[in-house]
Amino acid sequence: MRTAAAFLAAIVLAGAAPPPAWRPVPAAGAAEPSHTTKTAPAAAWRPVPIARVAEPSDAIKNAPAAAWRDVAPENLLVIELSEGGRIVIELAPDFAPVHVANVRAFARGGWWNGSSVYRVQDNYVAQWGNNEAKTPFPAAVVAKPPAEYSRRIGGLTIRPLGYPDSYAPRAGHTNGWPIGYDPKAGKAWLTHCYGYVGVGRDLAPDTGSGGELYAVIGHAPRHLDLNIALIGRVIEGMQLLSARPRGTGNLGFYEDPKQNVGIARARLAADIPAAERPRFQAMRTDSASFAAYVKGRANRGGSFFNRPAGGVDLCNAPVPVRKAP
């Protein structure tokens with residue numbers, strides 16, 4: 001049997017170098033591997049394909065009953081238009097409790113009965129209320145609410161979106177709502193996505209009472225986040241706001257009052273007879289179904305998409321809402 005020494009000698013005689021026992025130290029001036037990686041041209045890289053996943057519609061269709069939460073009747077504002085049709089808004093008391101309490105008081109006090117949609121600004125908002133009318137507030141309304149533009153993170157179960165956000169340190173969802181949040185500051189806030197409803201106000205320090213409301217009908221104006229109180233979102237009848245003729249006055253106000261869209265009445269679903277009230281459910285954002293839905297929104301498959309995006313904007317992952325089965 002050949003000894004190890006003889007085997008090593010045979011390798012050397014054959015012209016092959018033995019396996020080194022030490023790693024060579026780069027000569028002075030040699031580029032570090034990290035620098036080489038950093039300066040490599042685009043041609044030196046190959047794209048890693050993004051895995052396609054199930055369609056978001058499949059995640060919604062296959063979601064079990066446990067993946068949905070009922071929307072409380074006290075949190076549904078039902079607006080009936082004079083011309084027919086209704087707009088249903090889910091309220092968000094966890095984020096603007098005083099303003100939402102005012103909205104409930106306005107509804108129960110008949111504030112919007114006989115009022116109108118008087119402003120429709122292209123790619124921005126549709127706004128309704130009594131505008132400049134001197135109608136007195138219902139007794140239960142807090143005339144000057146606090147600036148409910150954010151709330152403490154404490155008590156929220158947040159599902160991070162998983163992708164960067166341009167307007168917040170982090171973005172995600174909690175209890176069926178999209179939020180921006182700042183872990184260092186310990187605060188979270190609702191975001192101005194399409195269909196979200198905010199409180200019209202004058203210049204700061206005014207915070208708005210909740211008597212004049214608007215819905216986002218265009219590209220999400222996220223620059224309004226943390227500047228205006230958001231009180232909920234439209235979950236039915238969005239087309240009755242977004243498809244209106246645009247106002248030709250400043251900021252989209254209708255110049256001719258005849259253009260105003262009349263509101264016959266506004267009620268809380270809790271005040272509508274049980275057999276007549278609308279019932280809705282929102283997908284639980286802490287569910288596996290919602291996780292699959294967001295993943296699907298970021299990596300669309302099917303026969304239409306040639307290339308999955310590999311990312312999704314917070315407002316492009318709207319929380320699914322459905323009529324209660």
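> Sorry if this is basic, but what is going on with the pattern of salt bridges here?
Two side chains that carry opposite charge are able to pair once their charged atoms sit near each other. Counting across every chain of the model gives 16 salt bridges. A salt bridge links Arg69 to Glu90; the nearest nitrogen and oxygen atoms lie 3.0 Å apart. You can see Arg69 sitting in strand E1 (residues 68–70) and its partner Glu90 sitting in strand E3 (residues 86–91), a full 21 residues away along the chain. On the basis of relative accessibility, which here comes to 15%, the residue Arg69 falls in the buried class. A salt bridge links Glu80 to Arg267; the nearest nitrogen and oxygen atoms lie 2.8 Å apart. You can see Glu80 sitting in strand E2 (residues 76–81) and its partner Arg267 sitting in strand E14 (residues 261–268), a full 187 residues away along the chain. Salt bridges sharing common partners tie together Glu74, Arg104, Arg108 and Asp271.

> Looking at this model, I keep getting lost on helix H6 (residues 288–298). Mind explaining?
The periodicity of an α-helix, 3.6 residues per turn, causes residues three or four positions apart to be oriented the same way. Within H6, burial applies to Ser289, Phe290, Tyr293, Val294, Gly296 and Ala298. In this fold, the buried residues of H6 make contact with helix H3 (56–61), strand E7 (159–160), strand E8 (170–174) and strand E15 (280–283).

> How should I be thinking about the sheet that holds E15 in this particular structure?
Backbone hydrogen bonds hold the strands of a sheet together, and the pairing may be parallel or antiparallel. Sheet architecture is open: three strands sit in the order E1-E15-E16, paired in antiparallel fashion. In the strand order of this sheet, the two ends are held by E1 and strand E16 (321–323), each with one partner. Taking each pair of neighbouring strands and ignoring which way they run, the sheet shows an average axis angle of 35°. Relative to E15, E1 runs antiparallel, the two sharing three bridges.

> What should I look at first to understand helix H4 (residues 97–108) in this one?
Over its 12 residues, H4 runs 16 Å from end to end, which matches the ideal 16 Å to within 8%, given 1.5 Å per residue. For H4, every residue scored as buried is listed here: His99, Val100, Asn102, Val103, Arg104, Ala105, Phe106 and Ala107. Residue Gly110 follows H4 closely and has a positive phi angle near 75°.

> What exactly am I supposed to notice about the state of the cysteines here?
Here is the idea: a disulfide is a covalent bond, and it sits between the sulfur atoms of two cysteines. Tallied over the entire structure, the rule returns one disulfide. Two residues share a disulfide in this structure: Cys193 and Cys315, whose sulfurs sit 2.0 Å from each other. Here the S-S torsion is close to -75°, and the disulfide linking Cys193 with Cys315 is therefore left-handed. With Cys193 in the loop between strand E10 (187–190) and strand E11 (196–199) and Cys315 in the loop between H6 and E16, this pair connects stretches of sequence that are 122 residues apart.

Rules used throughout
Residues numbered from 1 in each chain as written. Predicted model: local features only at pLDDT ≥ 70, side-chain atom pairs only at ≥ 80, totals over all residues. Heavy atoms only, no water. Salt bridge = Lys/Arg side-chain N within 4 Å of Asp/Glu carboxyl O. Helix = DSSP H or I, 4+ residues; strand = E, 2+ residues; numbered from the N terminus. Buried < 20%, exposed > 50% of the residue type's maximum accessible area, 1.4 Å probe, protein only. Contact = heavy atoms within 4.5 Å. Pairing = 2+ DSSP bridges. Axes fitted to C-alpha atoms, helices over the stretch in contact; angles between N-to-C directions. Expected span 1.5 Å × (residues − 1). Disulfide = S-S within 2.5 Å.

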